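Descriptive analysis of the structure
Each chain is listed here by its residues.
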Amino acid sequence: MKLIENYIQQATDGGGFHSLGEKETDELEKLSLLAEYYEDNVLNIMPLTVTINAVVQQKISEMNITQGKLAEMFGMGAAKVSQILNGKREPDVHFLKAIHQKLGIDGNFILDRV
């Protein structure tokens, strides 16, 4: 990892990865693949399960608003939003559309998780 970090710093200092030589680029690629293999097969940390609810909760936190305020933004009842975010109710089209339009959550992300 220290070698990878050194190459990244070298590229940063040089204005981009194009500033690395062919030998350095090849070594960085090999080290990156080894690191990925280690993370995937030894540490088993990927893939991280990211749910719609987790992303919406993060947005609520970033925006520093309450679930009630979110429900108001969405034009729906606070109880409904609470039930959806707590996993007691499936998100409906109105909710999914609102998180896309009002919170800017990527539509492809939403579709992949519904």
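This report concerns the structure included in the present document. Computed from a predicted model, the values in this text were never measured in an experiment. (Residues numbered from 1 in each chain as written. Predicted model: local features only at pLDDT ≥ 70, side-chain atom pairs only at ≥ 80, totals over all residues. Heavy atoms only, no water.)

Regarding the overall build of the protein
- When you go through the protein residue by residue, the secondary structure sums to seven helices and zero strands.
- Listing the helices and strands of the protein from first to last along the sequence gives α-α-α-α-α-α-α.
- Taking the principal axes of its C-alpha atoms as reference, the protein extends roughly 60 × 30 × 20 Å.
- Looking at the protein residue by residue over its 114 residues, the buried ones come to 25%.
- For the protein, the share of sequence-separated contacts (at least 6 apart) that also reach a separation of at least 24 residues comes to 44%.
- Looking at the protein as shown, the accessible area adds up to about 8,100 Å², and 53% of this sits on carbon and sulfur atoms.
- Side-chain charges of the protein comprise 11 positive and 16 negative groups, with the mean position of each set lying 14 Å from the other. (Helix = DSSP H or I, 4+ residues; strand = E, 2+ residues; numbered from the N terminus. Buried < 20%, exposed > 50% of the residue type's maximum accessible area, 1.4 Å probe, protein only. Contact = heavy atoms within 4.5 Å. Areas by Shrake-Rupley, 256 points an atom, 1.4 Å probe, with all protein chains shown as cover. Lys, Arg positive; Asp, Glu negative; His and termini not counted. Charge placed at Lys NZ, Arg CZ, Asp CG, Glu CD.)

Here we look at the nonpolar core
- Formed by 20 residues in total, the largest nonpolar core has its most connected members in Val-56, Leu-70, Phe-74, Phe-95, Ile-99 and Ile-105.
- Elements represented by at least two residues in this core include exactly α3 (52–63), α4 (67–74), α5 (78–85), α6 (93–103) and α7 (107–113).
- The biggest single contributor to this core is α6, with five residues.
- The contacts of Val-56, once residues within four sequence positions are left out, are Leu-70, Leu-85, Phe-95, Ile-99, Leu-103 and Ile-105.
- The next biggest cluster of nonpolar side chains, apart from the first, holds six residues, and it includes Ile-4, Tyr-7, Ala-11 and Leu-20. (Core = buried A, V, L, I, M, F, W, Y, C linked by side-chain atoms within 4.5 Å.)

Here we look at the packing of α3 against α6
- Running from N to C, α3 and α6 cross one another at 40°; their axes reach a closest spacing of 12 Å. One way to sum up the angle between α3 and α6 is to call them oblique. In this structure, α3 meets α6 at a crossing whose hand is left-handed. Residues Ile-52, Val-56, Lys-59 and Met-63 of α3 form the contact with α6, whose own contacting residues are Phe-95, Leu-96, Ile-99 and Leu-103.
- Here the residues of the contact of α3 with α6 are counted per class, giving seven nonpolar, no polar and one charged. (Axes fitted to C-alpha atoms, helices over the stretch in contact; angles between N-to-C directions. Parallel < 35°, antiparallel > 145°, perpendicular 65-115°, else oblique. Left-handed = near helix turned anticlockwise from the far one by under 90°. Nonpolar A, V, L, I, M, F, W, Y, C, P; charged D, E, K, R; others polar.)

Let's talk about the side chain of Lys-80
- By the element assignment, Lys-80 lies in helix α5.
- Excluding residues that lie within four positions of it along the chain, Lys-80 makes contacts with Arg-89 and Asp-92.

Points about α6
- Among the residues of α6, those classed as buried are Phe-95, Leu-96, Ala-98, Ile-99 and Leu-103. In a view along the axis of α6, the buried residues occupy a sector of 160°, so they form one face of it. Opposite the packed face of α6, turned more than 90 degrees from it, sit the exposed residues Val-93, Lys-97 and Gln-101.
- Buried positions along α6 lie against α3, α4, α5 and α7. (Arc of directions from axis to C-beta.)

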